[in-house]
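Coordinate inspection notes
The primary structure of each chain is shown beneath.
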Amino acid sequence: LNRISYVNGRFVRHAHASVHVEDRGFQFGDAVYEVWTVFDGRLLDEEGHFTRLDRSLSELSIRNPKSRQAYLAIIRELLRRNRIRDGLIYLQVSRGAAPRDHVFGNQEASPTVVLTAKRVDFKAKEAKAAIGVSVITLRDQRWSRCDIKTVNLLPNVLAKQAAFEAGAGEAWLLDAEDFITEGSSSNAWIVTSEGVLMTRPADNAILNGVTRRRVIACAKQLGLGFEERAFSLSEAVRAREAFITSASTFVTPVVQIDDEIIANGAPGSISLSLRDAYQQCNQIDTPNIEQDGTVAAGGQPCIP
Ligand code: PDD
C-alpha cells in the first residue's frame, strides 16, 4: 500500500509530497498546524481543533483557504486511501510560497495546505500509560505567543531531544519564576498533596490544549476538586499525582520529575480515571466522520 498525502489540491504519493523551496513555512516557520487523533474511525475533538486552527490563522493574519467541510472531505479521503482507522491526522497551513522577504505585505501569497495521515498502535500507547513516563525539567526558551499553534517548534524539539537523551518521555518547561508552563508537546497537570487537580490557566505561555479542555470538562463531571492555576516545580515534585495531556497521548501519567519519584512511582488513580473518562466521553460525544460528507453524532464509525 502506497502512503498517500495531500498537498495543495492533490493527493500524491507520500514520497513525492513536497512544497516549494520558497514556501514561507519552510523559510520562516510562517505556518500553523493541528493534529487530530483518529480512534476506531472517529476523528476525536474534531470541532476543538478546527476552532483552534481558525484562531491560530487569524492571530497571524493568514487567510484560511478552505472550509471545514473541505478539510473533512480531504481527511476522510486520506483515511480511506491509507486504510487507517487508528492514527493521526496532521494538517499544516502556511502563508504560502513567495520570493523570500520577511515582510509579507498585504498581497498575500496563496496559502499552502498539507495534510498527512499516519497509523498509530494505540495498544502500545496504552501499555506505556499503564506504567507512566518520566519527565525532565528545562528552562522555557520559547516566545511570548505559545498560545498560537505555529510550526516554530525549535525550542520544543530541543527540549524533547534532551528528554530523549535523558531516557525521559517528556520535558516540562519552567518560566522565570520556576512555574511549569507546559510540556514540549503536551500540557502539564498535577494532583496536589491536598488532592486538588491543577493545570496552568490558558495564558500566552501555553497552548490551550483541546485535550486539556476536554479533561477539565471530565474532571468537573467526575466532581473532582479542580483549580486552574500555575504550579511550581517544588509543588510538582511534592504532588500526589502528575500527568500530561495531548491529542496523541490522551492522559498519560507522569511518575518521575527529574530525580524525584512522584508518590509511590506508579500512575495515580485520578490520572487513570481521567484517562478512562476522556476516552469514554470521546466515544460518546465525538461525531463520527461519515462517508457521505456529513458529520453526525453517535452511530457506528464507518471508515473501513
Ligand atoms: N502537540 N502544548 C504543546 C506545546 C503541544 O504541542 C501540544 C500538542 C499540546 C496539547 O494540545 P492538544 O491537546 O490540543 O493536542 C500542548 C501535538 C500533539 C503535536 O505537536 O504533535
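Above this text sits the structure in question.
Summary of the structure given here. Please read these numbers as outputs of a predicted model, since none were measured by experiment.

Details of the environment of S184
- Structurally, S184 is set in the loop between β9 (180-183) and β10 (187-191).
- Between the alpha carbons of S184 and Q161 there is a distance of 9.8 Å; along the sequence they are 23 residues apart.

Looking at the site of the ligand
- Taken together, 21 residues sit near the ligand, with Y33, E182, V210, T211 and A247 positioned nearest.
- Take K149: an N or O atom from its side chain is 3.5 Å from a nitrogen atom of the ligand.
- Contact with the protein chains covers 89% of the free accessible surface of the ligand, which is 480 Å².
- Those elements that provide at least two residues to the shell around the ligand are β3 (31-39), α2 (46-59), β9, α6 (210-221) and β13 (241-246).

So, the side chain of D147
- Checked against the element boundaries, D147 lands in the loop between β7 (133-139) and α5 (154-165).
- One polar contact links D147 to R145, side chain to side chain, over a distance of 2.9 Å.
- Every residue in contact with D147, bar those within four places of it in the chain, is listed here: R55, D203, N204, I206 and L207.

Describing the packing of aromatic side chains
- Taken as a whole and judged by the stated rule, the model has 11 aromatic pairs.
- Judged by centre distance (4.8 Å) and plane angle (55°), the rings of W36 and F50 are tilted. Of this pair, W36 sits in strand β3 while F50 sits in helix α2; the two residues are 14 residues apart in sequence, bridging distant segments of the chain.
- Residue W36 is classed as buried on the basis of its relative accessible area of 0%.
- Consider the rings of F39 and F122, whose centres lie 5.4 Å apart with planes at 65°: the pair is edge-to-face. Of the two residues, F39 is situated in strand β3 and F122 in helix α4 (residues 122-131); the sequence distance between them amounts to 83 residues. Here the two residues F39 and F122 agree in accessibility, since each one is buried.
- An aromatic cluster of at least three residues, connected via ring pairs, comprises F39, F122, F250 and Y278.

Brief notes about α4
- Capping the start of α4 is the job of one residue whose side-chain oxygen sits 3.1 Å from the backbone nitrogen of K123: D121.
- G132 sits one or two residues past α4 and shows a positive phi near 95°.

With respect to the pairing of strand β14 (residues 250-257)
- For β14, the tally of buried residues reaches seven of eight residues, placing the bulk of the element in the interior.
- Two strands pair when backbone bridges link them, and β7 and β14 are joined in this way by three bridges, in the parallel orientation. The residue bridging V135 from the neighbouring strand is I257, located in β14.
- Between β13 and β14, which pair antiparallel and follow one another directly, the connecting turn spans three residues.
- Linking two consecutive strands that pair antiparallel, namely β14 and strand β15 (residues 260-261), is a turn of two residues; a positive phi of about 50° is found at D258 within it.

With respect to a nonpolar patch on the surface
- Taken together, the side chains of L154, V157 and L158 define a hydrophobic patch exposed on the protein surface, amounting to about 300 Å² of accessible area.
- Note that L154 resides in helix α5.
- Under the relative-accessibility criterion, L154 is labelled exposed at 58%.

Quick notes on the pairing of β13
- With six of six residues buried, β13 lies mostly within the body of the structure.
- With burial as the criterion, each face of β13 is covered, one bearing E241, F243 and T245 and the other bearing A242, I244 and S246.
- Here five bridges tie β10 to β13, and the two strands are oriented antiparallel to one another. Bridging from a neighbouring strand, I190 pairs with A242 of β13.
- Here β13 runs beside β14; their pairing, made up of five bridges, is antiparallel. The residue of β14 that forms the bridge with I244 is T252.

Some details on unusual backbone geometry
- Its identity is not glycine, yet N8 carries a phi of approximately 40°, on the positive side.
- In this fold, N8 is placed in the loop between β1 (4-7) and β2 (10-13).
- Here N8 falls in the partly exposed class, since its relative accessible area comes to 44%.
- One non-glycine residue, D178, lies in positive phi territory at about 65°.

Topic: the pattern of salt bridges
- Under the definition given, this model contains 22 salt bridges.
- With a shortest N-O distance of 3.2 Å, R229 and E227 are connected by a salt bridge.
- Owing to a relative accessible area of 29%, R229 belongs among the partly exposed residues under this scheme.
- In this structure, a network of salt bridges that share partners links the residues R55, E59, R145 and D147.

Calculation notes
- Residues numbered from 1 in each chain as written.
- Predicted model: local features only at pLDDT ≥ 70, side-chain atom pairs only at ≥ 80, totals over all residues.
- Heavy atoms only, no water.
- Helix = DSSP H or I, 4+ residues; strand = E, 2+ residues; numbered from the N terminus.
- Near = heavy atom within 4 Å.
- Polar contact = N/O pair within 3.5 Å; in protein donor to acceptor, adjacent residues only side chain to side chain.
- Areas by Shrake-Rupley, 256 points an atom, 1.4 Å probe, with all protein chains shown as cover.
- Contact = heavy atoms within 4.5 Å.
- Phe/Tyr/Trp six-rings, centres within 6.5 Å; stacked < 30°, edge-to-face > 60°.
- Buried < 20%, exposed > 50% of the residue type's maximum accessible area, 1.4 Å probe, protein only.
- Pairing = 2+ DSSP bridges.
- Patch = residues over 30% accessible without salt bridge, like charges linked within 9 Å, V, L, I, M, F, W, Y side chains within 5 Å.
- Salt bridge = Lys/Arg side-chain N within 4 Å of Asp/Glu carboxyl O.

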